[in-house]
Amino acid sequence: MSSARNAAALTIVAGSLAGWWGPAPGAHAQSGPPAGEWPAYAADKAASKYSPLDQIDRDNVADLRIAWRQSTVPGAVRQGNAVRARARSQNTPLMVGGRLYISTGLGSVAALDAATGEVVWFDDPPQGAGGGPAGGAARGVAYWRDSGAQAEAGPDERIIAIVGPHLVALDARTGQRRPDFGDGGAVDLRQGYDGRTVDSYRWRSAPIVVNDVIVVGSYHTDYLAAVQPVTKAGPRGDVRGYDVRTGEQLWIFHTIPREGEFGNETWGTDPNEDRASWEYSGHTNMWSFPSGDEALGYVYLPLTTPTNDYYGGHRPGDNLFAESLVCLDARTGERIWHFQAVHHGLWDYDFASAPNLVDITVDGRAIEAVAIVSKQAFTYVFDRATGEPVWPIEERPVPQSTVPGERTSPTQPFPTRPPAFDQQGVTVDDLIDFTPELRREALDILGGFEYGPLFTPPTLIDERPGGKQGLVQMPGTSGGANWTGAGFDPETGVLYVQSAHTQTVIGIVRPENPVSDVAFVRKGYRYAEGPRGLPLFKPPYSRLVAIDLDAGEILWTVPVGDGPREHPAIRHLDLPPLGNGGRAAPLVTKTLVLLAEGGSAGPVLPMWGGAGGNMLRAYDKATGDVLAALELPGQVTAAPMTYMAGGRQYIVVTVGGSGAPSEYLALALPDPQD
C-alpha cells in the first residue's frame, strides 16, 4: 500500500477586502448525509455542495495546512508500472465510514484512509489493446447502501463507478466486484441502446443512484471539424436506468424522441431529405450530472445540444429535448415534466451543471424547488414536483438568422427572476474602457465582427477584405456557469455560483471536407482578443455570485482573483481585482464559501478555463469579502469536498497542471498534538 507523503508547508495570504445537517429555520433544509460524511459527488443527491461542518471557520481558515497528499495514481495502484499521473484530474472523492472513494488516474476505483490518504483497497485498472492501462479518471463515483439487506458482515454497501466502458459495482468494504451485478460485477455500457452497440461514447460524470436505480448519461464529442467531418447525423445521447442490485437495464429515455413519443413533432423535415430529422440527428447528451429527489422518486437530467451545434437547417423545429431540464420517474424512466431553455439551439448552450434541489420560501410560501444555472448566465427555478416556474419565464422575440436554410425560433425563454449573473449579449458599452486609447482600439476590433443581444444567431464569415469575421457571442460556449455548477446553503436559501466571463467567435462557412453533409460548419475555435492582448470586455473576468432564492435577487458579486492588473497597458492604474478566467466549483459550509481562484493571472485570459488556478479562497457568505487566500502547490482541477475523520475536518482538493502530475491534497487545521 502506498503511504501519504509528509505534510508540506502551505503559503497563506490572510486578509480581507473591506461559520447538524437537519431542518433549519426558514424551510430551507434538505435531508442530507450523516454528519461529517460526503457520500455523493456534490455532497448529496440534491447537488448542494454543502456541509454543516464548522471546525474550519472564518477565524481559523487562514491556519490550514496540508495534512496529507496522495497521487491520483497511487503507487499501489500502479503495480510496478511506470505510469505517471496525468497533469489534470477532475475527480472529486466521496467519503463514507472513514474512507475516501476515488476514480484513479488510470480509471480504476480505490479506497483511501480518510485520515492518512493511504490506500486501503483498489480495483484493477481497465486494460488497453496493448496490455497497458486504458482508462482515465471519471469525475466521481456513487455510493449505495441497502440497510434492509442485513448480513453477518453488515449491510450491503456498494461503490458504483464507471471503469472504461463498463458500469461496475464494488463491495465498499473490500473492493471486490459484486458477482450478483451484471457479468462478474460489470455491465457493458456500449450495449443496450435499443439493439445498437455504440463504441464512440464516453462516460465520465459520476453516476447517481435514486431509489435503487443507477442513472447514467454519456458524452460524445460534439464538434471536431479539424479531426473528423461534421455531419448532421450522430449517435444519440440516450439516458438509461439500471437496477443497483443486479445491473439489469430497466429503462432508456430517448433524448431525441422516437415516432409516437412526446416531443417527436418538434423535429421537422429537411426539404432535402425524405425523412424526419429525428431519424438521423444525434448527440443531445447528458454529459453533466443529474440530481435526484428520493421522496418524490424523481431524477432531473441536464441535456445538451444536438448535431450540429451551430447550424440547424437540417433539423427544423424546436428539437426537444435538446438543451432541456427533464424530470423523469427514476423507477420507470417516464417523463414527468420538462423545460427547454433553448429552442432550436445554435450556440452550444448545453445545460452543463447539476440541477440544485432547494427548499425555499417565496412570498411566504414554502416551495420544494429545483434550480439550474446555465452557460447563458440564467438561473431557472421550478417547483420540482410539477415543473411550474417559481417566477414567470417569458418567451421574448430574438434576432433571426440570415444564414441560408436556417430557421431559427422566433422567441426564446427569459426568466424574470433571478437576474442574469453575467454579461449577456454584446454592445459597445460592454467594451473595456481602462483608458481612452484602449477603448478606441476595442471599438476597432469589435467592428470586425457581428454582435448583438443574447441569442443573436451565428453568422457567415465574409471573406472579402474588411468583411465581418463571424459573431462575437457572449457568454461564449464556455462562459457563464459550466460543469462546476452552483452550491446551495440550506440554512439561508442562498445559491453560490462561479461564472467565467468569456466570449467566443462563431463564424460559419461551407464545409471544405467533402464527406460532410452539413450545409454550414463553424470555422475553427477562437475568441476575439482585445487590445494589446487584454480582454475585449469589461471585468470581472471571473466572478462569484450570491443569489437569494427566496427573493429571486442577487445579493452580491465579487471578482475571483486579481486578473491582468499587471499588464503593461494598465499597471499604472489603481484598479481593483479584475478576476481571472477559469472554472471553479464552490464548497459551502456552515461558515464559509470556498472557491478555487481559477485560470491564469496573465494578460491573456484562458478561453476554456478547464484547469483552474492555484489559489483556494475563503469568502464571507454574507458579503463576499475574502477572508483568506491559500496558495496551493498546483492548479485546482476538480470540485473540492470536506469531511470529518478522527475529530478533524479535512478539505480535499485535486491539484495538478503546468506539467505537474495530479494529486489529492487534504487540508486541515494544525494537529494540536504535533
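Residue numbers restart at each chain and count upward from 1, following the sequence in its written direction. Given that the model is predicted, a residue must reach a pLDDT of at least 70 before its local features are reported, and side-chain atom pairs must reach 80 or more before they are shown or counted; all residues, however, enter totals for whole chains, interfaces and linings. Excluding hydrogens and water, the side-chain figures rest on all heavy atoms present in the structure.

### Details of the packing of aromatic side chains
Which entries qualify depends on this criterion: Side-chain rings of Phe, Tyr and Trp, where Trp is taken by its six-membered ring, are said to pair if the distance between their centres is within 6.5 Å; with planes under 30 degrees apart they count as stacked, over 60 as edge-to-face, and otherwise as tilted. To sort residues, take the accessible area from a 1.4 Å probe on protein chains only and compare it with the maximum for the residue type: under 20% means buried, over 50% means exposed, and anything in between is partly exposed. Over a ring means this: the NZ of a Lys or the CZ of an Arg is within 6 Å of the ring centre and within 35 degrees of the ring normal.
The tally for this structure, following the rule as stated, stands at 17 aromatic pairs. Centre to centre, the rings of tyrosine 643 and tyrosine 650 are 5.4 Å apart; their planes meet at 20°, and the pair counts as stacked. No difference in accessibility class separates tyrosine 643 from tyrosine 650, as the two residues are buried. Taken together, the ring pairs in this structure connect Tyr300, Trp337, Phe339, Trp347, Tyr349, Phe351, Phe378, Tyr380, Phe382, Phe414 and Phe455 into an aromatic cluster. A cation over an aromatic ring shows up here: arginine 522 above the ring of tyrosine 310, its NZ or CZ 5.0 Å from the ring centre. The aromatic ring of tyrosine 525 is capped on one face by arginine 522, whose charged end is 3.9 Å from the ring centroid.

### Some thoughts on the pattern of salt bridges
The condition that has to hold: By definition, a salt bridge exists where a carboxyl oxygen of Asp or Glu is found within 4 Å of a side-chain nitrogen of Lys or Arg. The secondary structure listing takes helices from DSSP runs of H or I that are at least 4 residues long and strands from runs of E that are at least 2 residues long, numbered from the N terminus.
Inspection of the entire model under this criterion finds 28 salt bridges. Aspartate 146 serves as the salt-bridge partner of arginine 245, at 3.0 Å between the closest nitrogen and oxygen. Of this pair, arginine 245 sits in the loop between strand S14 (239-243) and strand S15 (249-253) while aspartate 146 is found in strand S8 (residues 142-151), placing the two residues 99 residues apart along the sequence. Put simply, lysine 232 and glutamate 273 hold a salt bridge, and the shortest N to O gap is 2.6 Å. Placement of lysine 232 in the loop between strand S13 (213-216) and S14 and of glutamate 273 in the loop between S15 and strand S16 (291-293) is noted, with a sequence separation of 41 residues between them. Both residues of the pair, lysine 232 and glutamate 273, count as buried.

### Some words on the confidence of the model for the chain
Where we set the bar: Residue-level confidence of the predictor is summarised by pLDDT, bounded by 0 at the bottom and 100 at the top. The contact criterion used throughout is that any non-hydrogen atoms of two residues lie within 4.5 Å.
Of all residues in the chain, 88% have pLDDT values of 70 or greater, and the mean over the chain is 88. Note on residues 1-27: pLDDT is under 50 here. Beyond four places in sequence and across chains, it has 75 contacts. Segment residues 599-612 is flagged for pLDDT under 50; beyond a separation of four residues in sequence, or across chains, it makes 52 contacts in the model.

### Some thoughts on the environment of threonine 332
Counted only if it meets this: N or O atoms within 3.5 Å of each other form a polar contact, as long as, within protein, one can give a hydrogen and the other can take it, and as long as residues adjacent in sequence are counted only when both atoms are side-chain atoms.
Position of threonine 332 among the secondary structure elements: in the loop between strand S18 (324-329) and strand S19 (335-340). Linking threonine 332 and glycine 297, residues 35 residues apart in sequence, is a C-alpha distance of 9.9 Å. There is a polar contact of 3.2 Å between the side chain of threonine 332 and the backbone nitrogen of glutamate 334.

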